[in-house]
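Chain by chain, the residues:
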Amino acid sequence: MLSENSEVKITSAKGSAFMFEIISGEVFANVAKGSDLEAISFDEYTLSVTGTVFSVSMQTGSANVGVFEGRVTVEGSLDSVSADAGEVVNCVGSAAVVNTMQVSSLNEFMIDQAKVIGESQNLCFTNEQLQDVLDTREEEIRLAQEEKAAHDAEVIAQGGTEATVSTKTSSSSSSSTGSSGNTSLPEEEVLTCTIQIRCDTILDNMDNLTEGKDKYVPSNGVILSTSTVQFVEGETVFDVLKRTCNYAGIQLEYSYTPMYESHYIEGINHLYEFDCGSESGWMYKVNGWFPNYGCSKYELEDGDTIVWAYTCNGLGADVGGGVY
């Protein structure tokens, strides 16, 4: 199965045997023993499988191969690694590393496919575990919507109004600091999402916080409460973060990583990577899922819920993220 907007092509076909290449997107496959599939290629790697349920997520500059059943072997220009059920091969450049796959790292497409196959086969994750992830994400979206509704009601009760962020700024490959400003969106269909910025994990790790940074940590750990932001089709999580910080006067610093063709968020509200330990920094999730690619590669859809969270421990484990 292919996720939406994925692209593959047949590279070799001899009789019933064939090979194909993943150009972009995601593939979820259930390959039976004796299959005519000889190999799959992506980027500079070749994937061989036998009686395996696996997924491949191909993004600019990186790829991930998750194994749900059986074993896969990933061969690159430098080395060859094998992974068993419950493991994932993270491929960045010429390096391929095997890690433990977390159920929380799976997106909705992968979970849906795994649930279907899991009805008849034993995978590394049970259907109950997969459904729990979906339920948790739905609950997070519901709570975000309730929080925004309560905030709006409070503003109305106080007789005030709150403008929806509707400015549009162009992306840049340099660092930027937030400042106020207001530029109208182009005359296209305007969509909306919500965004929240929080660093509450720091409250439990104040002893590790860089000296002098405590003044940038709100008492409740929330830098920006859940807010509605307008955007147009094709805009990304990065576009919305940049616009929101500019509108709200929140300091933002970022850099562009050519290898991934995406921006990297270095600091928000003067809180930077490594300011609260060697594993600390900013991560983002959309609708409860932490994408395994850069924020300027994630195109938003109407109604999406974005949360930027500062992690202190476990490379995201303390905010619900996982290795994939």
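Scroll up to find the structure this text is about.
Every chain begins its residue count from 1, and numbering advances along the sequence as written. Under the rules for a predicted model, residues below a pLDDT of 70 receive no local features and side-chain atom pairs below 80 are neither given nor counted, while totals for whole chains, interfaces and linings still include all residues. Just so you know, side-chain values use all the structure's heavy atoms and leave hydrogens and water out.

**So, the pattern of salt bridges**
Cut-off, in case you're wondering: Salt bridges are identified by distance alone: a Lys or Arg side-chain nitrogen within 4 Å of an Asp or Glu carboxyl oxygen. Here a strand is any run of E in DSSP of at least two residues, a helix any run of H or I of at least four, and the numbering for each starts at the N terminus. Only protein chains enter the area calculation, which uses a 1.4 Å probe; residues under 20% of their type maximum are buried, those over 50% are exposed, and those in between are partly exposed.
Evaluation of the coordinates by the stated rule reveals 9 salt bridges. The salt bridge involving Arg142 is made with Glu146; its shortest N-O contact spans 2.3 Å. Of this pair, Arg142 and Glu146 both sit in helix H2 (residues 127–157), 4 residues apart, roughly one helical turn. The exposure class of Glu146 is partly exposed, given its relative accessible area of 42%. Beyond isolated ion pairs, a larger network of salt bridges with shared partners links Glu139, Arg142 and Glu146.

**Description of the pairing of strand S14 (residues 262–268)**
Stated precisely, the cut-off is as follows: The pairing criterion for strands is at least two bridges between them, as found by DSSP.
Buried residues dominate S14, accounting for 5 of its 7 residues. The hairpin formed by S14 and strand S15 (residues 271–272) contains 2 residues between the paired strands, and Asn269 there has a positive phi angle of roughly 55°.

**Observations concerning the packing of aromatic side chains**
Put simply, the rule reads: Any Phe, Tyr or Trp ring, taking Trp's six-membered ring, that has another such ring centre within 6.5 Å forms a pair; planes under 30 degrees apart are called stacked, those over 60 apart edge-to-face, and the others tilted.
Evaluation of the coordinates by the stated rule reveals 9 aromatic pairs. Considering the side-chain rings of Phe68 and Phe125, the 6.3 Å spacing of their centres and the 80° angle between planes classify their relative orientation as edge-to-face. On the criterion of sequence distance, the pair formed by Phe68 in strand S6 (residues 62–69) and Phe125 in the loop between helix H1 (108–118) and H2 is long-range, its members being 57 residues apart. Phe125 matches Phe68 in its accessibility class, with the two residues each being buried. With a centroid separation of 6.3 Å and an interplanar angle of 65°, the aromatic rings of Trp289 and Tyr293 are classed as edge-to-face.

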